[in-house]
Amino acid sequence: MKLGVVGLPNVGKSTLFNSIMHAGAQAANFPFCTIEPNVGVVAVPDERLEKLAALYQSKKVTPAVIEFVDIAGLVKGASKGEGLGNKFLSHIREVDAIVHVVRCFIDDNVTHVEETVDPLRDISIINLELILADMESVQKRYDKAFGMIKSGDKKYKVEADLLRRVLDRLEEEKPVRGMELSEEEQKYVDGLFLLTTKPVIYAANVSEEDMGKAIEEIPLAAKVKKYAEEEGSETLVISAKTEEEISELPKEDAEMFLEELGVKESGLDRLVKASYKLLGLISFLTSGEPETRAWTIKEGTKAPQAAGKIHSDFEKGFIRAECIDWQLLIECGNYTKAKELGKVRSEGKDYVMRDGDVVLFRFNV
């Protein structure tokens, strides 16, 4: 799972990335200090793992992870190659979802590429560049399909009609995500790998003074939330500079700092969890003395395919999955007791995995 951190120059992208990754990505007060994308992997916070590891006295704990990519700042004209446009767009194509950092703080010491702070204008600049890039891509596909209609094959007429609808939406300066499509149409559109089909979290980057406030109490961030809701996207309030400072503290000091700010958990933890949810992902768990581990799957995944995440042989020779909710297992005290009490379920090939299932797969190859 790969997420791209994007935004205009100097909105706090690299600062946010630093705090996520402790990676030291350069964060200087001038545009384009990020040229090649910085890449790093961060664990998905999961209290279940620690509790299961304690139960089994596991020697190793392996959480689910998200890969974050810090992508170069964008400017007007990127779809035509302005600034680092072509590199920017190619890097976005490779990610599963976008974290769009939007500046929602006033600081005269930090320059803004557009000279004034206006989050909705900033969002529209990036979205328009992505839309223009998609229009160029879809137009080529449409011209080809339209030209093949004369062959008499009805599939080209169906394809051209769908591409025309996509083009019409893009010409209205609307992203393709959110279009009403049938299951088959959605599958075709997904195959176009368009930039504006990717799900988005808008990270409203606020000042430290605004941390802990409700988003409605922060005028600039409230505007971002309203925009995101209309688009069907998510919003998260974060103070990148403060998060960077917190990330450099020992765990206990960081917790005290958050408490002083009136915040229950760090913005980074919230961002990681929100990103995981945004992509429709869940985790099933395996636990024992050697290792307690979270395995990432899509919601709706059936037991044999989940088993295949661990090893292809598990899927090929799948017999059954012995499952128990992680909390129920903790309450029972151990797996043997849970089985004696009849709390462990035996599930077959059609079982749809649930988030938090602790599983033992039975297989025969």
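As the structure is a prediction and not an experimental result, all values here were calculated from the model.

**Quick notes on the overall build of the protein**
Summing up its helical and strand segments, the protein has 14 helices and twelve strands in all. For the protein, restricting intrachain contacts to residue pairs at least 6 apart in sequence, the fraction spanning at least 24 positions comes to 68%. With an accessible surface of roughly 18600 Å², the protein has 49% of that area assigned to carbon and sulfur atoms.

**Some remarks on the packing of aromatic side chains**
In total, this model carries six aromatic pairs according to the counting rule given. When the ring of tyrosine 202 is compared with that of tyrosine 227, the centres are 5.9 Å apart and the planes differ by 85°; the resulting orientation is edge-to-face. Within this pair, whereas tyrosine 202 is found in strand E6 (residues 200–205), its partner tyrosine 227 is found in helix H7 (residues 219–231), the two being separated by 25 residues in sequence. On the accessibility criterion, tyrosine 202 (0% relative accessible area) is buried. Lying over the aromatic face of tyrosine 142, arginine 164 brings its terminal NZ or CZ to 5.4 Å of the ring centre.

**Quick look at the sheet that holds E6**
Pairing is mixed across the open sheet formed by six strands, whose spatial order is E2-E4-E1-E5-E6-E7. The strands lining the two open edges of the sheet, one partner per strand, are strand E2 (38–43) and strand E7 (234–238). Neighbour-to-neighbour, the strand axes of this sheet turn through a mean angle of 25°, independent of strand direction. As paired strands, strand E1 (residues 2–6) and strand E5 (residues 97–103) are joined by four bridges and run parallel to one another. The partner of glycine 4 across the bridge, within E5, is isoleucine 98. Sheet contacts for helix H4 (residues 119–147): E5 and E6; angle to E5, the most-contacted strand, approximately 145°. The strands touched by helix H10 (residues 267–278) within the sheet are E1, E2, strand E4 (65–70), E5, E6 and E7, with E7 carrying the most contacts at an inclination of about 170°.

**Description of the packing of H4 against helix H5 (residues 154–171)**
The packing of two helices is summarised by the inter-axis angle and the distance between the axes. Packing of H4 against H5 brings their axes to within 9 Å, and their N-to-C directions diverge by 155°. When the interaxial angle is binned, H4 and H5 end up roughly antiparallel. Seen along the crossing, H4 lies across H5 with a hand that is left-handed. Taken together, the residues of H5 that come into contact with H4 (itself represented by Ile131, Asp134, Met135, Val138, Gln139, Arg141, Tyr142, Ala145 and Phe146) are Tyr156, Glu159, Ala160, Leu163, Arg164, Val166, Leu167, Leu170 and Glu171. Each residue belonging to the contact of H4 with H5 can be placed in one class, and the counts come to twelve nonpolar, one polar and five charged.

**What to know about the confidence of the model for the protein**
Of all residues in the protein, 89% attain a pLDDT of 70 or more, and the chain-wide mean is 85. Of the regions scoring below 50 in pLDDT, residues 23–36 engages in 39 contacts with residues more than four places distant in sequence or in other chains.

**Some points on the pattern of salt bridges**
Considering all chains together, one arrives at 24 salt bridges under this definition. One connected set of salt bridges, linked through shared partners, spans Arg320, Glu322, Lys339 and Arg362.

**Here's the deal with the nonpolar core**
Leu16, Ile66, Phe68, Cys104, Ala221 and Leu271 are the most contacted members of the largest nonpolar core, which totals 64 residues. Setting aside chain neighbours within four positions, we find leucine 16 in contact with Val5, Val101, Ile238, Ala240, Leu268 and Leu271.

**What to know about the side chain of glutamate 322**
In this fold, glutamate 322 is placed in strand E10 (residues 318–325). Its relative accessible area of 4% is what places glutamate 322 among the buried residues. Engagement of the side chain of glutamate 322 in a polar contact is seen with the side chain of lysine 339, the distance being 3.3 Å. Those residues in contact with glutamate 322 that sit more than four places away from it in its chain are Tyr335, Lys339, Val344, Arg345, Val358, Val359, Leu360 and Arg362.

**With respect to a negative patch on the surface**
Together, Glu252, Asp253, Glu255, Glu259 and Glu260 make up a region of like negative charge exposed at the surface. Relative to the assigned elements, glutamate 252 resides in helix H9 (residues 251–261). Residue glutamate 252 is classed as exposed on the basis of its relative accessible area of 62%.

**Thoughts on the environment of leucine 329**
Its location among the elements puts leucine 329 in helix H13 (residues 326–332). For leucine 329, a relative accessible area of 0% corresponds to the buried category. Measuring from C-alpha to C-alpha, the distance between leucine 329 and valine 358 comes to 8.1 Å, with 29 residues separating the pair along the chain. With sequence-adjacent residues up to four places away left out, leucine 329 is seen in contact with Leu52, Leu55, Tyr56, Ile324, Asn334, Tyr335, Ala338 and Val358.

**Examining H5**
Over its 18 residues, H5 runs 26 Å from end to end, which matches the ideal 26 Å to within 8%, given 1.5 Å per residue. Among the residues making up H5, those that are buried are Tyr156, Glu159, Ala160, Leu162, Leu163, Val166, Leu167 and Leu170. End-on view of H5: buried residues confined to an arc of 165°, all on one side of the axis. Exposed side of H5, more than 90 degrees from the buried face: Lys154 and Val158 are the residues found there. Buried residues in H5 make contact with H4 and helix H6 (183–190). Where H5 begins, one side-chain oxygen reaches toward the backbone nitrogen of lysine 155, 3.1 Å away; that side chain belongs to aspartate 153. Positive phi shows up at glutamate 173, right after H5, with a value of about 60°.

What counts and how
- Residues numbered from 1 in each chain as written.
- Predicted model: local features only at pLDDT ≥ 70, side-chain atom pairs only at ≥ 80, totals over all residues.
- Heavy atoms only, no water.
- Helix = DSSP H or I, 4+ residues; strand = E, 2+ residues; numbered from the N terminus.
- Contact = heavy atoms within 4.5 Å.
- Areas by Shrake-Rupley, 256 points an atom, 1.4 Å probe, with all protein chains shown as cover.
- Phe/Tyr/Trp six-rings, centres within 6.5 Å; stacked < 30°, edge-to-face > 60°.
- Buried < 20%, exposed > 50% of the residue type's maximum accessible area, 1.4 Å probe, protein only.
- Lys NZ or Arg CZ within 6 Å of the ring centre and 35° of its normal.
- Pairing = 2+ DSSP bridges.
- Axes fitted to C-alpha atoms, helices over the stretch in contact; angles between N-to-C directions.
- Parallel < 35°, antiparallel > 145°, perpendicular 65-115°, else oblique.
- Left-handed = near helix turned anticlockwise from the far one by under 90°.
- Nonpolar A, V, L, I, M, F, W, Y, C, P; charged D, E, K, R; others polar.
- pLDDT = per-residue confidence, 0-100.
- Salt bridge = Lys/Arg side-chain N within 4 Å of Asp/Glu carboxyl O.
- Core = buried A, V, L, I, M, F, W, Y, C linked by side-chain atoms within 4.5 Å.
- Polar contact = N/O pair within 3.5 Å; in protein donor to acceptor, adjacent residues only side chain to side chain.
- Patch = residues over 30% accessible without salt bridge, like charges linked within 9 Å, V, L, I, M, F, W, Y side chains within 5 Å.
- Lys, Arg positive; Asp, Glu negative; His and termini not counted.
- Charge placed at Lys NZ, Arg CZ, Asp CG, Glu CD.
- Expected span 1.5 Å × (residues − 1).
- Arc of directions from axis to C-beta.

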